[in-house]
Every structure is written in structure tokens, then in C-alpha cells.
Amino acid sequence: MADEAAGPREPILEVRALVKHFPLTQGILFKRQVGAVKAVDDISFTLHRGETLGIVGESGCGKSTVAKLLMNLEQPTAGEILYKGEDISKLSGRALKAVRRNIQMVFQDPYTSLNPRMTVGDIIGEPFEIHPEAAPKGDRRRKVQELLDVVGLNPEYINRYPHQFSGGQRQRIGIARGLALNPEVIICDEPVSALDVSVQAQVINLMERLQNEYDLAYLFIAHDLSIVRHISDRVGVMYLGKLAEIGTDTEIYDHPTHPYTQALLSAVPQPDPEGRDTRERIILTGDVPSPANPPSGCRFRTRCWKAQDKCAEEVPLLAVPERFKDSDTGARHDSACHFAEDKDIVHA
Amino acid sequence: MSIEMTKADVPGVPLLEVRDLHVEFRTREGQAKAVNGVSYTVDAGETLAVLGESGSGKSVTAQTIMGILDMPPGRITGGEILFRGEDMLKMPEDQRRRVRGDKIAMIFQDALSSLNPVLSVGYQLGEMFRVHRGMSRKEAKAKSVELMDRVRIPAAKERVNDYPHQFSGGMRQRIMIAMALALEPDVIIADEPTTALDVTVQAQVMDLLSELQRDFNMGLILITHDLGVVADVADKIAVMYAGRIVEHAPVHELYKRPAHPYTKGLLDSIPRLDHKGKELYAIKGLPPSLTAVPSGCAFNPRCAMARDVCRTEVPPLAEVTERDGSPLGGRTSACHFWKETIHG
Ligand SMILES: Nc1ncnc2c1ncn2[C@@H]1O[C@H](COP(=O)(O)OP(=O)(O)OP(=O)(O)O)[C@@H](O)[C@H]1O
Ligand SMILES: Nc1ncnc2c1ncn2[C@@H]1O[C@H](COP(=O)(O)OP(=O)(O)OP(=O)(O)O)[C@@H](O)[C@H]1O
Ligand code: SF4
Ligand code: SF4
Ligand SMILES: [Mg+2]
Ligand SMILES: [Mg+2]
């Protein structure tokens, strides 16, 4: 975790006005575009060296698409992704390969993200095949064993296959592979969602330890708001392809100003001894609208209990709301709502 | 006394009781003891949460109650399942089928795969009434709309002929709830009913489920691996580990003062929403393989409190009391050292 007192360190990844639309086509022989899934629609944020930025939001809001764009697995429709000031979405060939070494990914599903026919040694060593300069051939076995040790697995397991490991152990293998090239950034898409509670804690602790040791920056995508608070320095809340709110963990959790964030926080079940009925419950009605046809104005307005005419007409911009510009509380942070209000949900 | 006649409770007899149930699976590695002496009860108007990590035997217990266990490879090797005091495992087949069809209903985690994709939801709901209640098509359809309304599907009348894929995940799960409610059962078993749903939708569905449970005065068995989900709805919790109940308590008692090291470890390993904690507590190691459950207490290789006796003697499910021996409302713990655990 970044030292908060020292303030943010230099930006390592900057996302500017990022857009990804997936075309919706009709017809078999002559495909024509009839619309687009607006999976990511004008998103900007910065990831600093050594920090964790959490991204939360419900299914389909575009979290994985952001991850894929950052990993260059999808091409943006518009916008820029700057790695140390250079737009990587426009790079190709060697230049791209060099950048990729520094940005790695850990996937959600420890069961399907590892090739069942490869040994653990081959899986963790695979990045060395693509980037031979990272480890000379004779040295790779030792490097892989070192990585196994780093993530708390027995180095003697190097010749085993993924099915011989538990879910938590497989996730460690995925992390070891992510670490192989000594990256600066790791994009983690739901890295612990598939794990049991007791194993989840082990993997989270491991990730925090590795971050401190190697000064890693994490983009940590998850839908579990408690875990995101635990691991993140800053948190962004996504809804239907847009960022609704972004700020430090205290700003988002103790001073949420966007109604969607407030509803999310109030819906998180908490195993509190005295917890029953003390928190205010906001039960949203209806479902998330389709990203192919999002509501005009504020995308949250079809489920928002505060919506007014203005919300249908004007897209609220992500900025510090006017009324909080001079506030000295945590409410002073970016929030995309015309009627932002500071509301403590989790301590009520 | 026939079961159909007695909707009223028999005093002192639980609505549904699982007593010392044992279920094994034949696997390549040997006999897997998936359920290893599980006992729990649920009464009318009561919600029992069954909590445990993956593979602890929650679903197998439920499947055995519902009579949908894969046999083979599964085999019931002991125990009773009592519905209003009568052992379902010993009932004549037709009576057992009536109880399971009419009196106990189940909701599964994955609504999409439990609904038939090529039939409209109205048809599938109506089938319950046509087959079990002998209603006409028209009557059944009217009932289906009524039920869809009851589980808050907007514009139920217009949507009754839609197919499962035309509904969102949350709506499909509400349709599953409607299906379970159709015959007004006495007990509903919900196996991870909201695990696949988003947190805001999960809150909607849990709210609905507990409202209906109250309105119909049903017994609800809520299976989950999420300690948070049950906090607001359950009356009591049974915690499972490696096929056994290791602790049983009223829900808030359990959160406040766990009497088993495993429960305590689980509670300590959840990150908090209301403040940023330091390093998380993590239970070391992994749950055991069910073909090689450790001797003595199954939790002993992972337990920070384990002593010699834990490796040799299976801890009985002991009654948990206050320090001075006064009772604690039916709390139990399967730990040799429950006293130290709860009283420090
Ligand atoms: N290749 C694709 N073609 C068309 N639509 C896509 C594609 N990939 C994603 N989408 C759509 O874009 C939207 C965002 O998807 P994405 O996977 O980014 O969501 P997510 O936030 O990661 O959700 P989850 O929590 O379920 O993983 C969804 O509506 C999805 O259906
Ligand atoms: N049909 C089957 N054949 C063989 N083994 C089975 C079968 N069904 C379940 N088991 C085994 O029984 C054990 C208990 O499984 P069960 O499904 O009850 O776990 P659970 O507590 O419901 O876990 P989860 O949270 O993952 O749903 C597991 O080890 C499982 O592999
Ligand atoms: S802009 Fe309007 S609709 Fe959107 S969150 Fe704010 S109040 Fe609700
Ligand atoms: S019986 Fe022993 S090993 Fe088992 S939980 Fe209690 S102290 Fe731990
Ligand atoms: Mg995703
Ligand atoms: Mg299960």
C-alpha cells in the first residue's frame, strides 16, 4: 500500500476518456451494424506506482472490459491508455512487447485460466518463452522454483498439473505467473471471488505482502466491497460503463456521495453481532438496464430514488460536486451526480 | 394419523429434523464421507442457516432430504430424516413422494439451469398446478400470473409467456422462488439462492424470501457459504466442516461469541466494510480431503488451539453453557476446548 502521508507517487498508468463499444450486428451474409454495446463509455483514472486502485460494480458494468483494454486484449473504440506517458493502445510489435512485460494479469477463475495439460513449471515459465531476455534458458527452472516459494507453494511441485491443486493453490500459481517477469503493474480481475473465505484471506495477505516487497501497483477488480476496502488505497465505482464515483477508501466508504455507491454499500450483508437493522437499508428496485440502450442523462436514473427531470436531460460529469468544493470532509471527491449528498451508510 | 391431515404442529416435534445423517460416495480414492453425522431441525416460521465452505456437505445433506441424491455413487449409511416426527427414509414410496412433492420444496443456486429453456415460465409454473392440483390450463395460468405478481415480476400478465432467457438473473431466481411456493410447502430448502446474483439484486431476493417465509409461516433452510448473507434473516446457524456440524447457535450469539475455533477463524478472516483493518487473519491450510479426514477432530491440522487429545479423540457435539453452567439456548460445539474458546 502506498504511504498515504507521503501523498500519491508518480502515475504509472493513465486512462483517458476510454471507450469500448462492441458492435451489434444483424444478418448472416451481409452483416450490418444495428447498434452497439456500450461496455466502457468515457472512463478516466490514474494508477500510481505501488498503489492499489479497486474497481467495483455489478455484473456487466464493464470491469473486465477495462482490464482487457489495459492488457491490450481488446482495442479501444476511443481514448488513450498511457503507460509512463506513452499511449500503449497505439503501440505494436517490439515496442508493445516491451511494455507488456511490465503489465501482467491475474484472472478470476483458477479452474479455467490454467491449461490443464501443462505442468505448473511450464505455466509459470510460459512468460519466459515470450520474453526470453527475462531469464536465460538454463536459469528458468530455478526461477520458477523461486516463484513457487514466493507464493507459498512447495518448489517440489514444479512437475505437477493444475488438477492436483486446490482452488487457492491454483490462484497462487496464477499469481506466480503474473510475477514472473517482474512487472510494475498487475491487473487482477476478481482474483479471489471463486475462493472460500478462509482461503481468500490467505491469498489477499499474499498479494499485500508481494506488493510491499516488489512495489507493485494493482488494479483490483472485484464485486466484494469489503475485500476492496481492505486492499485498496483508492476505489472507483462503475455503473453501466461509466465511473459513478472515485476517491480514497475513506472517501468512498465513509463519505459516499453518489446514490449508487450508497445503495451498494447498504446492500452488503455484514456479519455483525449487533448489526441487525441498525444500518439504513436501501433496496433498489428494478434491474440494471442494457448497455446497448442506456438511459439518457444519468445512467442510474431508472433505479435512483432521487432522480429528477434534470437527471434525464443532462449527463452528470465526474467531478467534485460544486457544494463540496470547499468542504474539509471526505465528501470532497469526484462523484457523477447532480444531487450528490454526503451520507454515511456503513457506520449508521 | 396421516401426514396430509396435520398442518398444525405437533407439540415438541420439530417440523423437519435431520438426525445423525451419514452419506458416503464411492470414489476412485476410496469411500468419501461427505456427510458424517449431521443433525439439525427447523420449525414452522423459523430460518435455519447452514453455513460451510465448499465441499463441507451442505448440498449433499439437502439432496438427501429431497431424495435427489445420486445413488450410486452416493449411499445413505445411517440416520433419519423426520418430517413431523415420521422418518421419511422408512416411509412407503408413495407417501414419501407426496411429502417431498407437496411439503418440501427446493430452490437451487443456478436458476437458469434449473428452468427448462424451451418452455415458457408460465407453462413451467402452471405445470405445478396441473400435475399436482389437477387444475385446467386456464386456471393454472391464472395461478401462475398470481404467483409471478407475488414475487414481484413487473407486468406479470404480459410476461407469463416469456422464456427463461428473457428474464434477468434476479428475476429468474424470483421465478424459482415462485415455483417453490406454488404448492404452499411447509419447508423450503434454498441452496445458495443468491450466490450467483449481484449484491443489490441479492438484497432484493433475500428480502423477498424472508418476507414470504414469514407470510406463509414456513420453515426455511438457507444454505450458504457467506456469513454476511444470513445475518439479517436467519434465526439460528449450523456451521459445517468436513461433513459434520461443528457449531450450532442463535445467529447473533454465534457472531458475538463463537464457541468453536473454526467459526472464530472464519469470522476473523472477513474484511470489514466500516473500517480498514490491518492484515487479515487467515486460517492456515486447506479443508481436508473427504477420503482422508484427519483422525480425532477433523479441524486439528488447521487449528491454533489443537492439543494431543484433538488428534486422537473425535470431539462430541457438546452443549455450550455459560461459565457458571447455566444454559445458553441450545448452543452446541464440537470442540474439546469449547470453554476456552467461548469464555477465554
Ligand atoms: N466481446 C464482446 N462482444 C459483445 N459484448 C461484450 C463483449 N465483451 C463484453 N461484452 C458486454 O459488455 C458489457 C460489459 O462486460 P464486462 O465483461 O466488462 O462486465 P463485468 O463488469 O466484468 O461483469 P462481471 O462482473 O459479470 O464479470 C456486458 O454487457 C457484456 O455483455
Ligand atoms: N454425485 C457425487 N459423486 C461423488 N461425490 C460427490 C457427489 N456429490 C457430492 N460429492 C462430494 O461430496 C462432498 C460434499 O459435497 P457438497 O456438494 O455437499 O458440498 P457443499 O457443502 O454443498 O459445497 P459447495 O459450497 O461447493 O456447494 C464433496 O466432496 C463432493 O465432491
Ligand atoms: S444524477 Fe440524478 S439520477 Fe443520477 S444518481 Fe444523481 S440524483 Fe440519481
Ligand atoms: S477439538 Fe481441538 S483441534 Fe478441534 S477445534 Fe477444538 S481445539 Fe481445535
Ligand atoms: Mg468480469
Ligand atoms: Mg453446494
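For the structure, see preceding data.
About the criteria used
Residues numbered from 1 in each chain as written. Chains lettered and ligands numbered in written order. Predicted model: local features only at pLDDT ≥ 70, side-chain atom pairs only at ≥ 80, totals over all residues. Heavy atoms only, no water. Helix = DSSP H or I, 4+ residues; strand = E, 2+ residues; numbered from the N terminus. Buried < 20%, exposed > 50% of the residue type's maximum accessible area, 1.4 Å probe, protein only. Areas by Shrake-Rupley, 256 points an atom, 1.4 Å probe, with all protein chains shown as cover. Lys, Arg positive; Asp, Glu negative; His and termini not counted. Charge placed at Lys NZ, Arg CZ, Asp CG, Glu CD. Near = heavy atom within 4 Å. Polar contact = N/O pair within 3.5 Å; in protein donor to acceptor, adjacent residues only side chain to side chain. Pairing = 2+ DSSP bridges. Axes fitted to C-alpha atoms, helices over the stretch in contact; angles between N-to-C directions. Contact = heavy atoms within 4.5 Å. Right-handed = clockwise from strand over helix to strand, strands pointing away.

Draft legend 1. Examining the overall build of chain B more closely. Broken down by element type, chain B carries 12 helices and 12 strands. If you line up chain B on its principal axes, its C-alpha atoms span 70 × 50 × 45 Å. Within chain B, the fraction of its 344 residues that count as buried is 53%. Carbon together with sulfur atoms contributes 51% to the accessible area of chain B, which is approximately 15,000 Å² in total. Separation between the mean location of the 42 positive side-chain charges and that of the 45 negative ones in chain B comes to 2 Å.

Draft legend 2. Looking closely at the site of ligand 1. All names here are of chain A. Taken together, the neighbourhood of ligand 1 is formed by 13 residues, with S59, G60, K63, S64 and T65 sitting nearest. Contacts to ligand 1 include G60, whose backbone N or O atom sits 2.8 Å from an oxygen atom. Contact distances for ligand 1 include 2.5 Å between an oxygen atom and a side-chain N or O atom of T65. Alone, ligand 1 offers 640 Å² of accessible surface; in the complex the protein occludes 64% of this. Every element with two or more residues in the shell around ligand 1 is listed here: β2 (32-48) and α1 (63-70). Ranked by the residues each element gives to the shell around ligand 1, the list is headed by α1, at 3 residues.

Draft legend 3. Inspection of the sheet that holds strand β11 (residues 318-321) of chain B at higher detail. Residues and elements named next belong to chain B. Sheet architecture is open: 8 strands sit in the order β6-β7-β8-β3-β9-β10-β12-β11, paired in mixed fashion. The two strands at the open ends of the sheet, each matched to only one other strand, are β6 (104-107) and β11. This sheet shows a mean twist of 20 degrees between the axes of neighbouring strands, independent of strand direction. The pairing of strand β3 (residues 47-52) with strand β8 (residues 219-224) spans 5 bridges and is parallel. If you follow L48 over to β8, its bridge partner there is I221. Against the sheet, helix α8 (residues 199-215) makes contact with β3, β6, β7 (187-191) and β8, and its axis sits at roughly 155 degrees relative to β8, the strand it touches most.

Draft legend 4. A look at the pairing of strand β7 (residues 185-189) of chain A. Residue and element names in this part refer to chain A. The buried fraction of β7 is high, at 5 of 5 residues. Alternating residues of β7 divide into V185, I187 and D189 and I186 and C188, and every residue in both groups is buried. In this structure, β7 lies alongside strand β8 (residues 217-221), joined through 5 bridges in parallel fashion. The residue of β8 that forms the bridge with I186 is Y218. For the segment spanning β7, helix α6 (residues 197-214) and β8, crossover handedness is right-handed.

In short, shape yes, function no, at least from these values alone.
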